[in-house]
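# A structural walkthrough
Listed below, chain by chain, are the residues.
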Amino acid sequence: MKYPFPVGTADFIQGDEAIARAAILAGCRFYAGYPITPASEIFEAMALYMPLVDGVVIQMEDEIASIAAIIGASWAGVKAMTATSGPGFSLMQENIGYAVMTETPIVIVDVQRGGPSTGQPTLPSQGDIMQSIWGTHGDHSLIVLSPSTVQEAFDFTIRAFNLAEKYRTPVILLSDAEVGHMRERVYIPNPDEIEIVNRKLPQNEEEAELPFGDPHGDGVPPMPIFGKGYRTYVTGLTHDERGRPRTVEREVHERIIRRIVEKIEKNKKDIFDYEVKEIEDAEIAIITTGIVARSALRAVRDLRREGIRAGLVKINTIWPFDFEFIEKIAEKVERIYVPEMNLGQLYHLVREGANGKAEVKLISKIGGEVHTPVEIVEFIRRDMR
Amino acid sequence: MRLVSAYEIRDKYLRKDMLPTIFCPGCGIGSVLQYTLRAIDELKLDPDKIVWVSGIGCSSRVPGFVNFDGLHTTHGRALAFATGIKLANPELKIIAFMGDGDAAAIGGNHFIHAIRRNLDVTVILINNFTYGMTGGQVAPTTPKGLRGTTAPYGQFENPFDIAQLAVAAGANYVARWTVFNYIQGINSIKKALQKEGFSLVEFLSPCPISFGRRNRMKTAPEIIKWYQKITVPIEKAKKMKPEELEGKIIIGEFVDRDRPGLVREYEEYKKRAKKMMGWEV
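Summary of the structure given here. (Residues numbered from 1 in each chain as written. Chains lettered and ligands numbered in written order. Predicted model: local features only at pLDDT ≥ 70, side-chain atom pairs only at ≥ 80, totals over all residues. Heavy atoms only, no water.)

### Description of the sheet that holds strand E3 (residues 93-99) of chain B
Reading across the sheet, the 9 strands line up as E9(A)-E2(B)-E1(B)-E3(B)-E4(B)-E8(B)-E7(B)-E10(B)-E9(B) and stay open at both edges, with mixed pairing between neighbours. Among the strands making up the open sheet, the edge pair consists of strand E9 (233-235) of chain A together with strand E9 (231-233) of chain B. Geometrically, the sheet is characterised by an average inter-axis angle of 20° between neighbouring strands, direction not taken into account. Bridge count for strand E7 (residues 173-178) of chain B against strand E10 (residues 249-256) of chain B is 4 bridges, and the pairing is antiparallel. Note that in E10 of chain B the partner of Ala 175 of chain B across the bridge is Glu 253 of chain B. Together, strand E1 (50-54), E3, strand E4 (121-127) and strand E8 (198-204) of chain B form the strand contacts of helix H2 (residues 29-43) of chain B, whose direction differs from that of E3 of chain B by roughly 170°. (Pairing = 2+ DSSP bridges. Helix = DSSP H or I, 4+ residues; strand = E, 2+ residues; numbered from the N terminus. Axes fitted to C-alpha atoms, helices over the stretch in contact; angles between N-to-C directions. Contact = heavy atoms within 4.5 Å.)

Printed below as a string of structure tokens:
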């Protein structure tokens, strides 16, 4: 297949552009969106590429319509994505819940900016961490990935599609204006270098008749896509294994919701991803995510030079969150610092994970600037005194 | 026209395990559903290639009762979901079964934009002038002065004329009937299903329980009599003065044209893109 950008080579591109290219290599052939800073470049790149690879790109009337359209496309059997920023992400929340409830594989990119409300359209933030995990209503679980570099924006986008297909779930790629607009060297692999996961399709009539069942015991039912003669009924109402609405039976609701949540939570080991640096002998740990992890890495090195044994834990998967892993880190170190560009969101998760085994301190910064390494070092130095 | 028995239509197209329906006595949705299924039957369309899409409300429960692929979505968003299904797989024929509150209030923006794009979809719209499922609140179609639980002293806002809105937004086919114009209704649905682009068949449909009861029309027959009073066939309306048409609802076929549908336009767009990039001559 011919690609509208060079493959098997490195390129110097923006994070947003990297997401678009990765989506196409991951097999995305439907993009619906609504322009919003700082995510528009994803749409613009998709607008350029999609028609050339026989995919669909369409500018919808709003963000609600955009996510609705990609859910529809997914049920028609096509890998689909939308991208937005905070305010648009808020509008999508109801249909994110719909995608969770109907177990629809889709990818939603949120290139975070300062909020709440219209906030700081051109500046980065990590203010949507809680919204990405808990934004929609009701009991649910989904997957949230958080890149720190343009290369990771590329790699995590491919992973987002694979996880969406593997677990039949919406996956959120939580980027930010800094990663989105920054240009870096990115290796764009050849298609045969990439592992691509496709959703399970029903192998027989029996499986097709249980589009929300668990025929393989792994919690992930095969997805009978539209037009194949399976006559599948999909509803956001509480439904049984066959997809029939069963809204007032407590057991049915409990059964379906527990399975939908557990198919993510039970596979935490597969989904949760992190990187550690200098953590073996560390007395303090910096746990952070996204763009801030890059400043934090430099801070770790500077602290080490001063004789403070610091280590870094970079969280790549924000949800499902491996609380036990954080507890193990907390057992090894005396203190944990959580620098993040909000008033404390990842901090809540880390503190719960640390479970009192280590003191957890928030290094908060808002307003649209990434923490400098010096700021992190100074906070820690002051705190350790 | 010879009508096949209603039992035959039921046995052929409904999911028996989902019956009975949730619809109240006197409700018109079942009738309109029957007309739609009859139209599909008469046109001999392949049920495996039809997807029913809906939003929220009584009429939006219809995809659950018919044995087709179906997507019962969020309130007002049926046409946005339909856009994705149709463009992702243009082989599929989409029927959106919607209510007036669903289509014209919360879904108003999706409605006009789906029409503007000329999305290839047939909308069957149940207009009962009320929010039936949530208990009879006023809708954007409620005629002025009539009561709903959220306007207990009579609606003070102006109603939408959904069919005329669709004509203005650019639909290829628009017709409106009451549920009692069944021959015209079935014929219109048949036409609509064969149309490229956006087609809409709106039905005035009785809701005695949530709407009629609050407006001195407790039974379906009373609502029929009211429809007879307030509806004017389009040919007759053309000869009437605006003052005479005040408070009346025009029924009939409003538009029947053949602008290219969204799927065809996008196929052309793809070709243009490849040509402009030098991928194809």
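Continuing now.
### Remarks on the sheet that holds strand E6 (residues 143-145) of chain A
Residues and elements named next belong to chain A. In spatial order, the strands read E3-E2-E4-E5-E7-E6-E13; together these 7 strands make up an open sheet with mixed pairing. Two strands in the sheet have a free side with no partner beyond their single neighbour: strand E3 (56-59) and strand E13 (317-319). Across the sheet, the axes of successive neighbouring strands diverge by a mean angle of 20°, strand direction being ignored. Bridge analysis of strand E4 (residues 80-84) against strand E5 (residues 106-112) gives 4 bridges, and the strand direction is parallel. Residue pairing across strands places Thr 82 opposite Ile 108, the latter belonging to E5.

### A short note on the packing of aromatic side chains
Residues and elements named next belong to chain A. Applying the stated criterion across every chain, the model contains 26 aromatic pairs over all chains. Judged by centre distance (5.0 Å) and plane angle (65°), the rings of Phe 321 and Phe 323 are edge-to-face. Using a relative accessible area of 1% as the deciding quantity, one classes Phe 321 as buried. Phe 323 sits in the buried class, given a relative accessible area of 18%. Linked through ring pairs, Trp 134, Phe 272, Tyr 274, Trp 319, Phe 321, Phe 323 and Phe 325 together constitute an aromatic cluster. (Phe/Tyr/Trp six-rings, centres within 6.5 Å; stacked < 30°, edge-to-face > 60°. Buried < 20%, exposed > 50% of the residue type's maximum accessible area, 1.4 Å probe, protein only.)

### Brief notes about helix H6 (residues 108-117) of chain B
Within H6 of chain B, 7 of the 10 residues are buried, which leaves it mostly tucked inside the rest of the structure. If you check which residues of H6 of chain B are buried, you get Gly 108, His 110, Phe 111, His 113, Ala 114, Ile 115 and Arg 117 of chain B.

### Some points on the interface of chain B and chain A
On the side of chain A, 44 residues touch chain B, which itself brings 41 residues to the contact. Summing both partners gives a buried area of about 3,700 Å² for chain B against chain A, and 59% of it is carried by carbon and sulfur. Interface area lost by chain B to chain A is led by Asp 69, His 72 and Trp 279 of chain B, which between them contribute 17%. Connecting chain B to chain A are 6 salt bridges. With a closest N to O distance of 2.7 Å, Lys 274 of chain B and Asp 54 of chain A form a salt bridge. Seen at the junction of chain B and chain A, the total is 22 residue pairs in polar contact (both at pLDDT 80 or more). Elements represented by at least two residues in the side of chain B that touches chain A include exactly helix H3 (62-65), strand E2 (69-72), helix H4 (78-88), H6 and helix H12 (262-276) of chain B. (Buried area = accessible area lost by both parts, 1.4 Å probe. Salt bridge = Lys/Arg side-chain N within 4 Å of Asp/Glu carboxyl O. Polar contact = N/O pair within 3.5 Å; in protein donor to acceptor, adjacent residues only side chain to side chain.)

In short, shape yes, function no, at least from these values alone.
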